[in-house]
Amino acid sequence: MLPNERTTRDEVAAVPGVVEGLIVAPDRECARPLVDFLRAEGVNVQVVNAVELGFEEALLHRPNVVIIDERISKAGGVDLCERLKANSRTHFLPVILFAHGKQSDLLRLDALAAGADALFAPATSKEERRARLWALLRSQAIFRKLDGKREAQGNAICNKRRWVRGLVHDIQNSLGAIQANFEYIAQLPDTRDKKSREEFEECVQDTRATFREMVRNLRTVLEFERFEAGDVALKEGKVLLSDICQSVASSLERAASASGKEIVVESTSYSLPVHADANYLKEAVTNLANFVLRQTENQKCFLLATSDGGTARLQVHGDKHLIRAAARDSIFDPYAGHLKEKPARAAHRVGLALAKVIVEVHHGSIWVEDTPLAGSAFVIEFPSHWSSRGQRSSE
């Protein structure tokens, strides 16, 4: 008996005390020596007599070990071994080839190339077979445990994502209710003096701006999580980047004016259309423009859409603020900031990360570069799927 054999059997079994083996042999008579060997080791045995049946059985039930008789096919069982090792559901199963005749160098090399874990022959001693078998079972058991742990961690992450999504929705609904009550109070008649009324109106404006910022930050976090989870369906169509610039400028003009800043859409020649979801593309450019407007050095945010050959290009930049070279590598990483960052700043990082995800899901690229006599610019490029006439060649 091997050292700690009983403990080893308990460790490698999917069910306590049960180790499953699969034998693939042309008939029962050929399989008998292998069946006797496994049963002597306390392994439950299933026998099939065809390569296809062996592959299906391994795929469905994933036994602890597979032994293939070389006479099962003209390839000496190497073909089945190769299929098992190439499949994501069976690649970790220990596969042993059993050669009845003298092992040829060609068969051994073919078996190794196919990924066989061991090669037995009549000349292989019983002790060596047992040692190799239990070594393979221990290795396979370790892989199963690690694979199960990864699967459990993946499920936990999915559950946490669903929890975060539900939490964000609840916070959004609560903010909406608070904002509605606040607007109701703001519309009530007031008999206070003029100065108090002005202070009250200023407070109302500041509070409304705070509500808008909070709601937008929550929406940004939620959208980024949806893209990360793959829960987004794009509604793609013909989109002009110049139209996106105008739409972004219109939506941000009021907020920019309130903070004493300006958003400028620079005139450009004809811009090549791209195939994209206009709403998500606007979301990406809006996040970039908001980042530029938040920088205290900038007084203006410029949007410029151009075309060069078959590429559509869009620039978003300020008039002064420069992004340090050291910060550019991590600027689109939502987790690069310090853990003690303010929530609002963390949400701003997620906004840039969301912009990058949206650009990349549309097969585009985004980076940061300096502009002459101005600040750093976010540059987006998309390969155009449309001809210069605005139609795809297939249309």
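Quick caveat: nothing in here was measured; it's all calculated off a predicted structure. For every chain, the first residue of the written sequence is number 1, and numbering continues from 1 onward in sequence order. For this predicted model, a pLDDT threshold of at least 70 governs which residues receive local features, and a threshold of 80 or more governs which side-chain atom pairs are given and counted, while totals over whole chains, interfaces and linings are taken from all residues. Excluded from the side-chain calculation are hydrogens and water; included are all heavy atoms of the structure.

## Re the packing of aromatic side chains
Applied cut-off: Classification of ring pairs rests on two measures: the distance between centres of Phe, Tyr or Trp rings, Trp counted by its six-membered ring, which must be within 6.5 Å, and the angle between planes, read as stacked under 30 degrees, edge-to-face over 60 and tilted in between. Helix numbers and strand numbers start at the N terminus; a helix is a DSSP run of H or I with at least 4 residues, a strand a run of E with at least 2. Only protein chains enter the accessibility calculation, which uses a 1.4 Å probe. A residue is then buried if its area is under 20% of the maximum for its type, exposed if over 50%, and partly exposed in between.
Applying the stated rule across the entire model yields 5 aromatic pairs. Judged by centre distance (5.1 Å) and plane angle (80°), the ring pair of F227 and Y280 falls under edge-to-face. With F227 in helix α7 (residues 194-229) and Y280 in helix α9 (residues 278-294), this residue pair connects regions lying 53 residues apart in the sequence. For the residue pair F227 and Y280, the accessibility class agrees, reading buried in each case. Pairwise contacts between aromatic rings join F291, F332 and F378 into one cluster.

## A closer look at the pairing of strand β4 (residues 95-98)
To keep things clear, this is the line we draw: Strand pairing requires that DSSP identify at least two bridges connecting the strands. If the strands point away from the viewer and the path from the first strand over the helix to the second runs clockwise, then the crossover is right-handed.
A two-sided burial pattern is seen for β4, the buried positions comprising V95 and L97 on one face and I96 and F98 on the other. Pairing analysis gives 4 bridges linking strand β3 (residues 65-69) to β4, with the strands arranged parallel. By the bridge assignment, I68 is partnered in β4 with L97. Handedness of the crossover joining β3 and β4 through helix α4 (residues 78-86): right-handed.

## Quick word on the confidence of the model for the protein chain
Defined as follows: Per-residue confidence from the predictor is reported as pLDDT, which spans 0 to 100. Note on definitions: a residue-residue contact is assigned when non-hydrogen atoms from the two residues lie within 4.5 Å.
Averaged over the protein chain, the pLDDT score is 80; the fraction of residues at 70 or greater is 81%. Low pLDDT, under 50, characterises residues 1-7; the predicted model gives this stretch 8 contacts beyond four residues in sequence or across chains. Here residues 386-395 scores under 50 on pLDDT; set against residues more than four positions off or in separate chains, the count is 18 contacts.

## Some points on the side chain of Q295
For Q295, the location among the structural elements is in the loop between α9 and β9 (300-308). Assessed through its relative accessible area of 16%, Q295 is described here as buried. The residues touching Q295, leaving out its near neighbours within four places in the chain, are K261 and H321.

## Side note on the sheet that holds β9
Which entries qualify depends on this criterion: Here an angle of 0 to 180 degrees is reported between the N-to-C directions of two axes, which are lines fitted to C-alpha atoms, with helices fitted over the stretch in contact.
Taken in spatial order, the 5 strands line up as β7-β9-β10-β12-β11 in an open sheet, and their pairing is mixed. Each edge of the sheet is formed by a strand with only one pairing partner; in this case those strands are β7 (262-265) and β11 (365-370). Across this sheet, the average inter-strand angle for adjacent strands is 20°, counted without regard to direction. Across 4 bridges, β7 lies against β9 in parallel orientation. Following the sheet pairing, V265 is matched in β9 by L303.

## Some details on the nonpolar core
In summary, soluble globular proteins display a tendency toward joint burial of nonpolar side chains. For the record, the criterion: The definition of a nonpolar core used throughout is a set of buried Ala, Val, Leu, Ile, Met, Phe, Trp, Tyr and Cys residues joined through side-chain atoms within 4.5 Å.
Ranked by internal contacts, the top residues of the largest apolar core, which has 44 residues, are V316 and F378. For V316, the contacting residues outside a window of four places in its chain are V285, L288, A289, V292, C301, F302, L303, S376, A377 and F378. Counting 23 residues, the second-largest nonpolar core is a separate cluster that includes V51, L84, A116 and L119.

## Considerations on the pairing of strand β12 (residues 376-383)
By the criterion of burial, β12 is predominantly enclosed, with 6 of the 8 residues buried. Sheet topology places strand β10 (residues 311-318) next to β12; 7 bridges connect them, and they run antiparallel. Across the sheet, residue T311 finds its bridge partner in β12, namely P383. Two elements, β11 and β12, share 6 bridges in a ladder whose sense is antiparallel. Within β12, the position partnered with D370 by the bridge is S376.

## Some details on the packing of helix α8 (residues 241-258) against α9
The cut-off we apply is this: Every angle not falling under 35 degrees, over 145, or within 65 to 115 is termed oblique; those three ranges are roughly parallel, roughly antiparallel and roughly perpendicular. Two helices that cross are described as forming a left-handed crossing if the nearer one is turned anticlockwise from the farther one by less than a right angle, and a right-handed crossing if clockwise. Residues are grouped as follows: Ala, Val, Leu, Ile, Met, Phe, Trp, Tyr, Cys and Pro are nonpolar; Asp, Glu, Lys and Arg are charged; all remaining types, including Gly, are polar.
Between α8 and α9, the shortest axis-to-axis distance is 9 Å and the interhelical angle comes to 50°. Here α9 runs oblique to α8, going by the angle between their axes. Where α8 crosses over α9, the two elements pack in a sense that is right-handed. Two secondary-structure elements touch here, α8 through L241, I244, S247, V248, S251, L252 and A256 and α9 through A278, L281, K282, V285, T286, A289, N290 and L293. Here the residues of the contact of α8 with α9 sort into 10 nonpolar, 4 polar and 1 charged.

## A few points about the pattern of salt bridges
Basically, it comes down to this: We define a salt bridge as a side-chain nitrogen of Lys or Arg found within 4 Å of a carboxyl oxygen belonging to Asp or Glu.
Using the criterion set out here, one finds 10 salt bridges in the structure. A salt bridge links E41 to R130; its shortest N-O distance comes to 2.8 Å. Highlighted residues: E41 in the loop between α2 (28-40) and β2 (43-48) and R130 in helix α6 (residues 126-186), separated in sequence by 89 residues. Across the pair, R130 and E41 agree in class, each one buried. Residue D117 is joined to K85 by a salt bridge in which the shortest nitrogen-to-oxygen separation is 2.9 Å. Of this pair, D117 sits in the loop between α5 (105-114) and β5 (118-120) while K85 is found in helix α4, placing the two residues 32 residues apart along the sequence. Given a relative accessible area of 32%, D117 falls into the partly exposed group. Overall, the relative accessible area of 21% leaves K85 in the partly exposed class. Linked by salt bridges that have partners in common, R313, E369 and E381 make up one network.

## A short note on unusual backbone geometry
Phi angles above zero are rare outside glycine, and R62 is one such case at about 45°. Along the polypeptide, R62 turns up in the loop between α3 (51-61) and β3. Of note in this structure, H363 is not a glycine but carries a positive phi near 65°. Considering the arrangement of structural elements, one finds H363 in the loop between α11 (343-361) and β11.

## Considering the packing of α3 against α4
Interaxial distance between α3 and α4 falls to 10 Å at its minimum, and their mutual angle equals 25°. Between α3 and α4, the crossing angle belongs to the class labelled roughly parallel. The handedness of the crossing between α3 and α4 comes out as right-handed. Listed contacts from α4 to V51, E52, G54, F55 and A58 of α3 are D79, L80, R83 and L84. A breakdown of the residues in the contact of α3 with α4 according to their chemical character gives 5 nonpolar, 1 polar and 3 charged.

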